[in-house]
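Coordinates in review
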Amino acid sequence: VAPDGAVWAPLALGNQLARFDPHHETFSIHPLEQGYYPHTLRFDAQGRIWYTVAVSNHIGRLDPATGEHLSVRLPSRSFRQGLAMRLMPVFIWLAQRIDFGEAAAAAGEGVAAPVPYGIDIAPDGGVWFSQLNEHRIGRIDPATLDVELIDTPFSAPRRLRFDSQGRLWIPGFSSGLVARFDPATREFTEYALPTLVPTSSGRAVDTPYALNVD
C-alpha cells in the first residue's frame, strides 16, 4: 500500500506493475522499461517503488509522482551467468516463437539465474534485497546506486524485512531457519525452526518463505 493509499502489485507474467485506486475502484497499468518478471515491491520514504525483477537480475524503481523508471542491473556470480542474463530478452523472444524442446534445457544446463527475490527499505533509506539462488543479500545506495553484495552463511534467502532497530530478518528457504543480520556489525544470527521433519543429516527442515515484523 502506497503512502497515498493506492494498492500496487507486480504483474509478473505481464511484466508490469499495477496500481489500484481503492476510491474509484480502477486499475492503471505501468509496463516495465527493462527486465523480466517483477516480483516483490516496497516503498521508500519518498513514496517511490523499489522492486525486484527476478528473471533478468535487476532491481527497478518507479516514481509514481513523475512516472520515471530506473533500473539497476545486479552483479552476476560469473561471466557466463552475466552473459545469460543479458541475453535473456533474446531467449524469451525466441522461446515465444520456436519450440526448442530438450535443446533449450541442455543449453541452459549449469547456468542458474541469481533470482532477485525479496526487497526492503532500511530505516536509513538503504535498499536491501536477496538473490535466492546465489545465497546472497545486497544493498543499493539510493543516492549513488552503488551495489554491495554479502554472502549468507545459509542457503536461499527469500523475502526479508527490517525491524525498527534496523536489523534485517531473513527466511532461509531451503535451510530451515530464520536469520537476523545486523548491517552495523555485518553479523548473522541464525534461529533454526522447530520443525519435525528430520533429514539424513539429523537436522530438521522446512521452507520458510516470507516473514513480517510487527
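Below, the structure is looked at part by part. Keep in mind that what you see is a predicted model, and the values were worked out from it rather than measured.

Let us now look at unusual backbone geometry. Even without being a glycine, Tyr37 presents a positive backbone phi close to 75°. Relative to the assigned elements, Tyr37 resides in the loop between β3 (26-31) and β4 (38-43). Relative accessible area serves as the criterion here: at 31%, Tyr37 is assigned to the partly exposed category. One non-glycine residue with positive phi stands out, namely His135, at about 55°. Here His135 is to be found in the loop between β9 (127-131) and β10 (136-140).

The next subject is the pairing of strand β11 (residues 147-151). As paired strands, β10 and β11 are joined by five bridges and run antiparallel to one another. Within the sheet, the bridge partner assigned to Arg139 lies in β11 and is Glu148. Taking the residues that link successive antiparallel strands as the turn, the β10-β11 hairpin has six residues, and the phi of Leu145 there is positive, at about 65°.

Before going further, it helps to examine the packing of aromatic side chains. Evaluation of the coordinates by the stated rule reveals eight aromatic pairs. Centre to centre, the rings of Phe20 and Phe27 are 4.9 Å apart; their planes meet at 50°, and the pair counts as tilted. The interplanar angle of 70° and the centroid separation of 6.2 Å between the aromatic rings of Trp128 and Phe162 together place this pair among those described as edge-to-face. Linking Trp128 in strand β9 with Phe162 in strand β12 (residues 161-162), this pair joins segments that are 34 residues apart in sequence. For the pair Trp128 and Phe162, a shared accessibility class is recorded, and that class is buried. Taken together, the ring pairs connect Trp128, Phe154, Phe162, Phe181 and Phe188 into an aromatic cluster. A cation over an aromatic ring shows up here: Arg158 above the ring of Phe173, its NZ or CZ 4.1 Å from the ring centre.

The next point concerns the nonpolar core. Of all hydrophobic cores here, the largest spans 12 residues; its members are Ala122, Trp128, Ile137, Ile150, Phe154, Leu160, Phe162, Leu168, Ile170, Leu177, Ala179 and Phe181. Broken down by element, the residue count for this core peaks at three residues, all from strand β14 (residues 177-182). Leave out the neighbours within four places in its chain, and Phe181 touches Trp128, Ile137, Ile150, Arg167, Leu168, Ile170, Arg186, Glu187 and Phe188.

The full count for this structure, using the stated rule, is seven salt bridges. Across the pair Asp120 and Arg42 runs a salt bridge whose closest N-O atoms are separated by 3.9 Å. With a gap of 78 residues between them, Asp120 in strand β8 (residues 116-121) and Arg42 in strand β4 connect regions that are remote in the sequence. This pair shows no difference in class: Asp120 is buried, exactly as Arg42 is. With its nearest N and O atoms 3.0 Å apart, the salt bridge here joins Arg167 to Asp163.

Moving on: the environment of Ala18. Positionally, Ala18 belongs in strand β2 (residues 16-21). Ala18 gets classed as buried once you look at its relative accessible area, which sits at 4%. Excluding residues that lie within four positions of it along the chain, Ala18 makes contacts with Val7, Trp8, Ala9, Leu11, Phe27, Ser28 and Ile29.

Each value, and the rule that gives it
- Residues numbered from 1 in each chain as written.
- Predicted model: local features only at pLDDT ≥ 70, side-chain atom pairs only at ≥ 80, totals over all residues.
- Heavy atoms only, no water.
- Helix = DSSP H or I, 4+ residues; strand = E, 2+ residues; numbered from the N terminus.
- Buried < 20%, exposed > 50% of the residue type's maximum accessible area, 1.4 Å probe, protein only.
- Pairing = 2+ DSSP bridges.
- Phe/Tyr/Trp six-rings, centres within 6.5 Å; stacked < 30°, edge-to-face > 60°.
- Lys NZ or Arg CZ within 6 Å of the ring centre and 35° of its normal.
- Core = buried A, V, L, I, M, F, W, Y, C linked by side-chain atoms within 4.5 Å.
- Contact = heavy atoms within 4.5 Å.
- Salt bridge = Lys/Arg side-chain N within 4 Å of Asp/Glu carboxyl O.

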